[in-house]
Amino acid sequence: MLTKRIIPCLDVKDGKTVKGINFVDIKTVGDPVELGALYAKMGADELVFLDITATNEKRKTLSDLVARVAQNINIPFCVGGGISSVEDVRVLLGCGADKISVNTAAVKNPQLLTELAGEFGSQCVVIAIDVKQVDGEWFVCTHGGQVVTDIKALDWAIEAVRLGAGEILVTSMNHDGTKNGFALDITRAMSEAVNVPVIASGGAGTMEHFAEALTEGKADAALGASVFHYKEIEIPALKQFLKEKGIEVRL
Amino acid sequence: MNIVIIKYNAGNVQSVYYALERLGYTATVSDEPAVIRSADYVIFPGVGEAASAMKYLQEKGLDSVIRSLTQPVLGICLGLQLMCSHSEEGNVDCLGIFPQRVKRFPNTEKVPQIGWNDIFELHNPVFKGIKEHSYVYFVHGYYAELGENTIATTYYTQNYSAALCKENFYAMQFHPEKSGDIGEQILRNFLELKN
């Protein structure tokens, strides 16, 4: 039976994993290559690498770092951040990425999704949607969450899949970093509206939150960052917890 | 040991290359018929769309090269589908090494299937040491039906072929190069098959 996935996320800036930089020395978080290998060994089902500086500083994702992470893990590897063309993707796949995620560039140029799916297949194309709730309605954000557009999140999810995206990574700006739980309503709405897998992201604080995302939120996978980096939640314990809750996971 | 990974327009070639590197092997990546024919083991990976991949193989003359190989050949994911007789994806005739037809999953579940699923009814030396119902990683929207060449089964909307074997030709719908320790063991087993 197909299992639910637990996905650690490495937010990378200037070659280092940065989540929580404000309150913990960066070296204690570990470098992305070591962390990636550690998570793979601990039973992570996939690894996501986001170059969070890429959009803002108009830089391309650091391809040599992507290659070093890829060399050291034996699980699927998705890379995002600043990707805006077929050529960008070709370079990253050439570095050992298995999938790529696009965000701002696809909002600006939705046709990009069709081009990427045509070239590499839908299974390679993840649409990352950053969402923000304003007056009860969820809108799409771009540029690393700095710009709130007037595009309704659910409409964009449906359109992105129609254009060729094979998976959705939905991150709630309202929840990200709060450790108060995932945005269950929009995650569930997306999962029910499209026929591709949905990854819940933003807000993971407890093991219960993961369980909620995968049941009530109807997500196919749940992503966490700092809870894993700071060992607040260990992946093997999390998966055991989920299994005891009756959620199918790979142990 | 001379391992050649076939390079074509639908590869996650680098992922496979790194996986072999972790096992201690340096593979050659090539689309040259002579290089491919000279290999001890050939790996035919693939992530992409069936019709355009077949067209590319035909243009390069790689379709007849692959069919004529006599050493162990391992097709992965799209590689498996292209080794079957026909694919619904782009409605294209494929290499015909296996008689199976490749069909799209019905929309009763999410398509593509992405994630870890279990394999069972394992009966081939390539699964030596692999327990029934081990988890491996799948990413695909099309599947090969069960048949006499099926050497591993899995379930998504129905039972279908997780792996196929006929003579020197092996094929896996899942990605051993991305399936953790289990996948590494399967790759090791393949590279220990008698040439």
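Fair warning: this is a prediction, and the values are worked out from it, not measured in the lab.

Thresholds, definitions, all that
Residues numbered from 1 in each chain as written. Chains lettered and ligands numbered in written order. Predicted model: local features only at pLDDT ≥ 70, side-chain atom pairs only at ≥ 80, totals over all residues. Heavy atoms only, no water. Helix = DSSP H or I, 4+ residues; strand = E, 2+ residues; numbered from the N terminus. Rg over C-alpha atoms; globule rule 2.2 N^0.38 Å. Buried < 20%, exposed > 50% of the residue type's maximum accessible area, 1.4 Å probe, protein only. Contact = heavy atoms within 4.5 Å. Areas by Shrake-Rupley, 256 points an atom, 1.4 Å probe, with all protein chains shown as cover. Lys, Arg positive; Asp, Glu negative; His and termini not counted. Charge placed at Lys NZ, Arg CZ, Asp CG, Glu CD. Arc of directions from axis to C-beta. Salt bridge = Lys/Arg side-chain N within 4 Å of Asp/Glu carboxyl O. Pairing = 2+ DSSP bridges. Axes fitted to C-alpha atoms, helices over the stretch in contact; angles between N-to-C directions. Core = buried A, V, L, I, M, F, W, Y, C linked by side-chain atoms within 4.5 Å. Polar contact = N/O pair within 3.5 Å; in protein donor to acceptor, adjacent residues only side chain to side chain. pLDDT = per-residue confidence, 0-100. Buried area = accessible area lost by both parts, 1.4 Å probe.

Attention now goes to the overall build of chain B. In terms of helices and strands, chain B carries six helices and 13 strands. Its C-alpha radius of gyration of 15 Å places chain B within 12% of the 16 Å reference for a compact globule of 195 residues. Once the C-alpha set of chain B is aligned to its principal axes, its extents read approximately 45 × 35 × 30 Å. Evaluated residue by residue, chain B yields a buried proportion of 63% over its 195 residues. Sequence-distant contacts, at least 24 apart, represent 69% of the contacts inside chain B between residues at least 6 apart. Looking at chain B as shown, the accessible area adds up to about 7200 Å², and 46% of this sits on carbon and sulfur atoms. Between the centroid of the 16 positive side chains of chain B and the centroid of its 21 negative side chains there is a distance of 2 Å.

This next bit is on the environment of B:Gln185. All names here are of chain B. Note that glutamine 185 resides in helix H6 (residues 180-191). When its relative accessible area of 27% is taken as the criterion, glutamine 185 is described as partly exposed. Between the C-alpha atom of glutamine 185 and that of lysine 128, which follows or precedes it by 57 residues, the distance is 8.3 Å. Once residues within four sequence positions are removed from consideration, glutamine 185 is found in contact with Lys128 and Ile130.

Before going further, it helps to spend a moment on helix H3 (residues 63-71) of chain A. A:Leu65, A:Val66, A:Ala67, A:Val69 and A:Ala70 are the residues of H3(A) that are buried. Contacts from the buried residues of H3(A) go to strand S1 (5-13), helix H2 (32-42), strand S3 (47-51), strand S4 (77-80) and helix H4 (86-94) of chain A together with helix H1 (13-22) of chain B.

Residue and element names in this part refer to chain A. Every buried residue of H2 is listed here: Pro32, Val33, Leu35, Gly36, Tyr39 and Ala40. For H2, the buried positions fall inside an angular range of 165° around the axis, keeping them on one side. Across from the buried face of H2, at angles greater than 90 degrees, the exposed residues are Glu34 and Lys41.

This part is about the pattern of salt bridges. Residue and element names in this part refer to chain A. One pass over the full model with this rule turns up 19 salt bridges over all chains. Across the pair lysine 239 and aspartate 45 runs a salt bridge whose closest N-O atoms are separated by 2.8 Å. A residue pair is termed long-range when its members are at least 10 positions apart, and lysine 239 in helix H11 (residues 235-244) and aspartate 45 in the loop between H2 and S3 qualify at 194 residues. Under the relative-accessibility criterion, lysine 239 is labelled buried at 2%. Across the pair lysine 99 and glutamate 167 runs a salt bridge whose closest N-O atoms are separated by 2.7 Å. One end of the pair, lysine 99, is in strand S5 (residues 99-102); the other, glutamate 167, is in strand S9 (residues 167-172), with 68 residues separating them in the sequence. Considered together, lysine 99 and glutamate 167 belong to a single accessibility category, that of buried residues. In this structure, a network of salt bridges that share partners links the residues Arg5, Glu46, Lys99 and Glu167.

Attention now goes to the sheet that holds strand S12 (residues 159-166) of chain B. Residues and elements named next belong to chain B. Strand order in the open sheet made by the seven strands is S2-S1-S3-S4-S13-S12-S11, with mixed pairing throughout. Edge positions in the sheet fall to strand S2 (28-30) and strand S11 (150-155), since each has one partner strand and no second. Taking each pair of neighbouring strands and ignoring which way they run, the sheet shows an average axis angle of 20°. Bridge count for strand S3 (residues 41-44) against strand S4 (residues 73-76) is three bridges, and the pairing is parallel. Along S4, the bridge assignment pairs phenylalanine 44 with glycine 75. Relative to S3, H6 is tilted by about 140°, and along the sheet it contacts strand S1 (3-6), S3, S4 and strand S13 (169-172).

On to the sheet that holds strand S6 (residues 92-93) of chain B. Residue and element names in this part refer to chain B. With mixed pairing, the four strands of this open sheet are ordered in space as S6-S5-S7-S10. The open sheet has two edge strands with one neighbour each: S6 and strand S10 (142-144). In terms of strand pairing, strand S7 (residues 101-104) meets S10 through three bridges, oriented antiparallel. Across the sheet, residue arginine 104 finds its bridge partner in S10, namely tyrosine 142.

A separate point is the nonpolar core. Generally speaking, soluble globular proteins have nonpolar side chains that are buried together. Counting residues in each nonpolar core, the largest one holds 119 residues, and the members touching the most others are A:Leu113, A:Ile127, A:Ile168, A:Met190, A:Phe210 and B:Phe127. The greatest single-element share of this core, amounting to six residues, is contributed by H1(B). Excluding its chain neighbours within four sequence positions, the residues that come into contact with A:Met190 are A:Ile129, A:Val131, A:Ala153, A:Leu154, A:Ala157, A:Ile168, A:Val170 and A:Val198. If you look at the next biggest cluster of nonpolar residues, it comprises 32 residues, including B:Ala50, B:Met54, B:Met83 and B:Ala144.

The subject of this paragraph is the side chain of B:Asn168. Residue and element names in this part refer to chain B. Examined against the element boundaries, asparagine 168 turns out to sit in the loop between S12 and S13. You can call asparagine 168 buried: its relative accessible area is 16%. Within polar-contact distance, the side chain of asparagine 168 engages the backbone oxygen of threonine 70 at 3.4 Å. Apart from residues lying up to four places away in sequence, asparagine 168 is in contact with Leu69, Thr70, Gln71, Pro72 and Val73.

For the rest of this paragraph, the subject is the pairing of strand S11 (residues 221-224) of chain A. All names here are of chain A. Neither face of S11 is exposed, since Ala221 and Leu223 on one face and Ala222 and Gly224 on the opposite face are all buried. With four bridges connecting them, S1 and S11 associate as parallel partners. Across the sheet, residue isoleucine 6 finds its bridge partner in S11, namely alanine 222. Relative to S11, strand S10 (residues 198-201) runs parallel, the two being bridged by three bridges.

Moving on: the confidence of the model for chain A. Regions with low pLDDT carry predicted coordinates that are not meant to be interpreted in detail. Here chain A averages 91 in pLDDT, while 92% of its residues score no lower than 70. Across residues 20-27 of chain A the pLDDT falls below 50, and counting only partners more than four positions away or on other chains, this stretch makes nine contacts in the model.

Before going further, it helps to spend a moment on the interface of chain A and chain B. Counting from both sides, the interface comprises 37 residues of chain A and, opposite them, 29 residues of chain B. Summed over both sides, the interface between chain A and chain B buries roughly 2600 Å², with carbon and sulfur atoms accounting for 51% of that surface. In this assembly, chain A and chain B are joined by two salt bridges. In this structure, the salt-bridge partner of A:Asp98 is B:Lys178, at a minimum N-O distance of 2.9 Å. One can count 21 residue pairs in polar contact (both at pLDDT 80 or more) joining chain A with chain B. Elements with a minimum of two residues in the side of chain A that touches chain B: H3 and H4 of chain A.

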